Amino acid sequence: MIVKEILIEKVFIPQSFIDEERESNIENLMDSIEKEGLLEPILVAQKENGYKLIAGYHRLVACRRLLRKTIFATIDDTEFKDDLDEYVSHRMKTIHENRVRNQFTAYQIMKFLKEEKELYYLKNPGARENEEKALKDYDKAVKREMEINQIIQDAKSESDKK
């Protein structure tokens, strides 16, 4: 994964992000970006004609409303075996990012965890039969996501040094 500056107009936004838009988040981010700049790059996957947003919808919209032409993005270069694998992986990253960054009620956290579990089962169809093995594999997947987040943080720190 690399961090680079990309054109905002080249980022495709899946409908699921638009459905979860929170105006207060966008307004708060606009204030923050105007004062401090963009502190965390968005996460995108490279596609034929641009990029597909994986995480960072509110940051992207805030920059767009501030009439920014470009935005820093971490490019996820993971190769997937099929569309389902790509969807599940990207959705899990989105959920994880939002779950660790925002203050949620216990009910909202339970919803995230339930969706993560269902996504895991989609990605690993045989896992339901062996719940114990599935939980161990799930723990490994969560650790992998944490490692990815560390890589992103390291890349951001490296970028900030430049």
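Residues numbered from 1 in each chain as written. Predicted model: local features only at pLDDT ≥ 70, side-chain atom pairs only at ≥ 80, totals over all residues. Heavy atoms only, no water.

A. Representation of the overall build of the protein chain in the model. Counting its regular elements, the protein chain contains six helices and five strands. Traced from its N-terminal end to its C-terminal end, the protein chain shows the element sequence β-β-α-α-β-β-α-β-α-α-α. Here the protein chain has a C-alpha radius of gyration of 16 Å; the compact-globule value for 162 residues is 15 Å, and the two agree. Projected onto its principal axes, the C-alpha coordinates of the protein chain cover approximately 50 × 35 × 30 Å. Counting across all 162 residues of the protein chain, residues that qualify as buried make up 36%. For the protein chain, contacts bridging at least 24 residues in sequence account for 73% of all contacts bridging at least 6. For the protein chain, the accessible area works out to roughly 10,400 Å², and carbon and sulfur atoms hold 51% of it. (Helix = DSSP H or I, 4+ residues; strand = E, 2+ residues; numbered from the N terminus. Rg over C-alpha atoms; globule rule 2.2 N^0.38 Å. Buried < 20%, exposed > 50% of the residue type's maximum accessible area, 1.4 Å probe, protein only. Contact = heavy atoms within 4.5 Å. Areas by Shrake-Rupley, 256 points an atom, 1.4 Å probe, with all protein chains shown as cover.)

B. Structural view of the pattern of salt bridges. For the coordinates displayed, the defined rule picks out one salt bridge. A salt bridge links Arg 65 to Glu 23; the nearest nitrogen and oxygen atoms lie 2.5 Å apart. Here Arg 65, found in helix 3 (residues 57-65), pairs with Glu 23, found in helix 2 (residues 23-36); they are 42 residues apart in sequence, far enough to count as distant. Exposure remark for Arg 65: the relative accessible area of 36% places this residue in the partly exposed category. Here Glu 23 falls in the partly exposed class, since its relative accessible area comes to 35%. (Salt bridge = Lys/Arg side-chain N within 4 Å of Asp/Glu carboxyl O.)

C. Spotlight on unusual backbone geometry. Phi is positive for Leu 67, close to 65°, though the residue is something other than glycine. Take Leu 67: it is sitting in the loop between helix 3 and strand 5 (70-76).

D. Structural detail: helix 3. Burial runs high along helix 3: seven of the nine residues are buried. Every buried residue of helix 3 is accounted for by Tyr 57, His 58, Arg 59, Leu 60, Val 61, Ala 62 and Cys 63. Once helix 3 ends, the next one or two residues include Leu 67, with phi positive near 65°.

E. Geometry of the sheet that holds strand 1 (residues 2-7). One open sheet holds the five strands; their spatial order is 1-5-3-4-2, and the pairing between them is mixed. Single-partner strands in this sheet number two, and they are strand 1 and strand 2 (11-12). One ladder, built from two bridges, connects strand 2 with strand 4 (residues 50-55); its direction is parallel. In the sheet register, Val 11 faces strand 4, and the bridge partner there is Tyr 51. Packing of helix 3 onto the sheet brings it into contact with strand 2, strand 3 (42-47), strand 4 and strand 5, and relative to strand 4 it is tilted by some 125°. (Pairing = 2+ DSSP bridges. Axes fitted to C-alpha atoms, helices over the stretch in contact; angles between N-to-C directions.)

F. Highlighting a nonpolar patch on the surface. A contiguous nonpolar patch, built from Leu 84, Tyr 87 and Leu 122 and spanning about 280 Å² of accessible area, is present on the exposed surface. Relative to the helices and strands, Leu 84 is located in helix 4 (residues 83-101). (Patch = residues over 30% accessible without salt bridge, like charges linked within 9 Å, V, L, I, M, F, W, Y side chains within 5 Å.)

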